[in-house]
Amino acid sequence: MIDIELWRMLAAYGFVVLVLFIFQWRGIARKTQLIVATLRMTIQLMIAGYVLAYIFEHPHPLVVVGVVLGMVAFAIGTIYRRLDGPLSLRLKRVIALSMASGSILALVYFLGVVLHVTPWFEPRYVLPIAGMMIGNAMTGVTLGMQSLMTAMDESRDTIEGSLMLGATPERAVKPYVDRAFDAAVLPTLNSFIGMGIVFLPGLMTGQIIAGANPVTAIQYQIVTMLGVLGGVAMSVILATQLGYRTYFSKDARLLRPDER
Amino acid sequence: MTLFHLQDVQFLDVLHVDELTIERGKTTCIVGTSGAGKSTLVRLLNRMNPLTSGTITYEGVDLETIDPVALRRDVVMLAQTPLLFKGTVEENVQKGVQFAEKEEKTKEEIARALETVSLAIDGATDVAKLSGGEKQRVALARVLLMDPNVYLLDEPTSALDPGTEEEVMRAFLEETKRRQQTVLIITHSRDVAEQFADRIITVEKGRIVHD
């Protein structure tokens, strides 16, 4: 693999300078944002690189588990920030629980059965794959919850009208819960379709540049995509199935926003 | 015979009822200005509103001990804005029995219910093509097909002209009388109340002022 010399590395920042010029020329007020984002990206990745290098050289199960749990915690915090509208404590708990159990269960199955990694905590495999599965589950749960929350607020009359006709809460919200699941899983499905034609995904590109046989790289890509789908689906089904319940009381009433 | 009995009932600061009895098989109209607490009162009877204090019994049983979903299949409520789903009239009237997990109705039964509410349209008509008054009657036919013990109707005919309103209410209530069912109607129309009610309850500022 080609080692990038420092001056060549700096040359890549020429692209940022180009965009800065475009912003200046067109009078777009995004220059500070671009500089901050570029600095953050650089610093975060450098830290990540050194941390990963350290973990790879000194693999320890507790450290690997700690990093994975840290990723999950970060993902949960990101979901809270990204969702519009007030989040009830109950809904926050549901999101945390679904995100953690859905993505970790899928990860354990993937590492244990599909890749059969030995030792089970081998960070070279666990960390990149955990990152992809947790990251995609995070996007899925955000999309699914946003869809569910919007529908629950906009469709109050329909839901209450259905309850008044003797529908169970589950039956009254079925269309919205199904739609939320669909909204969450659709981007992953769509990414399957363009795969290998429109773009070569990051994992594969990385492996190919690192000298791996493209066929091996593709094998990894295929199983990872499937694992990502599983992680998204498991987190989102939990989040939607438990999430709609936070909108109802024990006596099957739709709660007012101040009661949730 | 007593069907509902309310004793010292309070819902938040919105409604206070010292005592109220609803008799089985009767038609009761609830009148009053908007915001007076009519809907609030009715929603206490199917547990869509939680009691703040007091007790309500249904057939002698404390309402709080009855499974709310089972209760709402027995005490069906028609919401003020007619609840319609994308699809045909027939699919829409079937929704009630589907929600209540009862057997679906035959084409003949549906046709009869539509006739009762003076709706001369084909079951295959798309509900998007219906007028406001027609939508209300589809919703009314739906609850009639559910054949519950009690109907709680919130402004069921507000979008109809007075002539049609009278015709629909007369046929609907004849049918419920024949089946010995209990009906509570929230209405803005004094005429409807005076013409059809066995009893009229007036609600003002969260209290029953006239009975």
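None of the values given here were measured: they were computed from a predicted structure.

What follows concerns the packing of helix 4 (residues 61-82) of chain A against helix 6 (residues 123-154) of chain A. All names here are of chain A. Between helix 4 and helix 6, the least distance of the axes is 10 Å, while the angle of their chain directions is 20 degrees. Classified by the interaxial angle, the pair formed by helix 4 and helix 6 is roughly parallel. Between helix 4 and helix 6 lies a crossing whose hand is right-handed. Between helix 4 and helix 6, the residues in contact are Val64, Val67, Val68, Met71, Val72, Ala75, Thr78, Ile79 and Arg82 and Pro123, Val126, Leu127, Ala130, Gly131, Ile134, Met138, Val141, Thr142 and Gln146, respectively. Residues belonging to the contact of helix 4 with helix 6 are distributed by class as follows: 14 nonpolar, four polar and one charged.

Once that is clear, we can look at the pairing of strand 1 (residues 2-11) of chain B. All names here are of chain B. Looking at chain direction, strand 1 and strand 2 (residues 15-23) are connected through eight bridges and run antiparallel. Residue pairing in the sheet places Phe4 in a bridge with Ile22 of strand 2. Bridge count between strand 1 and strand 4 (residues 53-58): five bridges; the pairing is antiparallel. In the sheet register, Leu6 faces strand 4, and the bridge partner there is Ile56.

Turning next to the side chain of A:Ser249. Residues and elements named next belong to chain A. Mapped onto the fold, Ser249 is located in the segment after helix 10 (214-243). The buried category is assigned to Ser249, whose relative accessible area is 15%. A distance of 2.3 Å separates a polar atom in the side chain of Ser249 from a polar atom in the side chain of Asp251.

Residue and element names in this part refer to chain A. Two elements in contact, helix 5 (residues 89-115) and helix 6, have axes whose closest approach is 9 Å; the angle formed by their N-to-C orientations is 145 degrees. The way helix 5 lies across helix 6 gives a crossing that is right-handed. On helix 6, the residues that touch Leu91, Ile95, Met99, Ser103, Ala106, Leu107, Phe110, Leu111 and Leu115 of helix 5 are Tyr125, Val126, Ile129, Ala130, Met133, Ile134, Ala137, Met138, Val141, Met145 and Met149. Split into classes, the residues belonging to the contact of helix 5 with helix 6 amount to 19 nonpolar, one polar and no charged.

Reading the values: rules and limits
- Residues numbered from 1 in each chain as written.
- Chains lettered and ligands numbered in written order.
- Predicted model: local features only at pLDDT ≥ 70, side-chain atom pairs only at ≥ 80, totals over all residues.
- Heavy atoms only, no water.
- Axes fitted to C-alpha atoms, helices over the stretch in contact; angles between N-to-C directions.
- Helix = DSSP H or I, 4+ residues; strand = E, 2+ residues; numbered from the N terminus.
- Parallel < 35°, antiparallel > 145°, perpendicular 65-115°, else oblique.
- Left-handed = near helix turned anticlockwise from the far one by under 90°.
- Contact = heavy atoms within 4.5 Å.
- Nonpolar A, V, L, I, M, F, W, Y, C, P; charged D, E, K, R; others polar.
- Pairing = 2+ DSSP bridges.
- Buried < 20%, exposed > 50% of the residue type's maximum accessible area, 1.4 Å probe, protein only.
- Polar contact = N/O pair within 3.5 Å; in protein donor to acceptor, adjacent residues only side chain to side chain.

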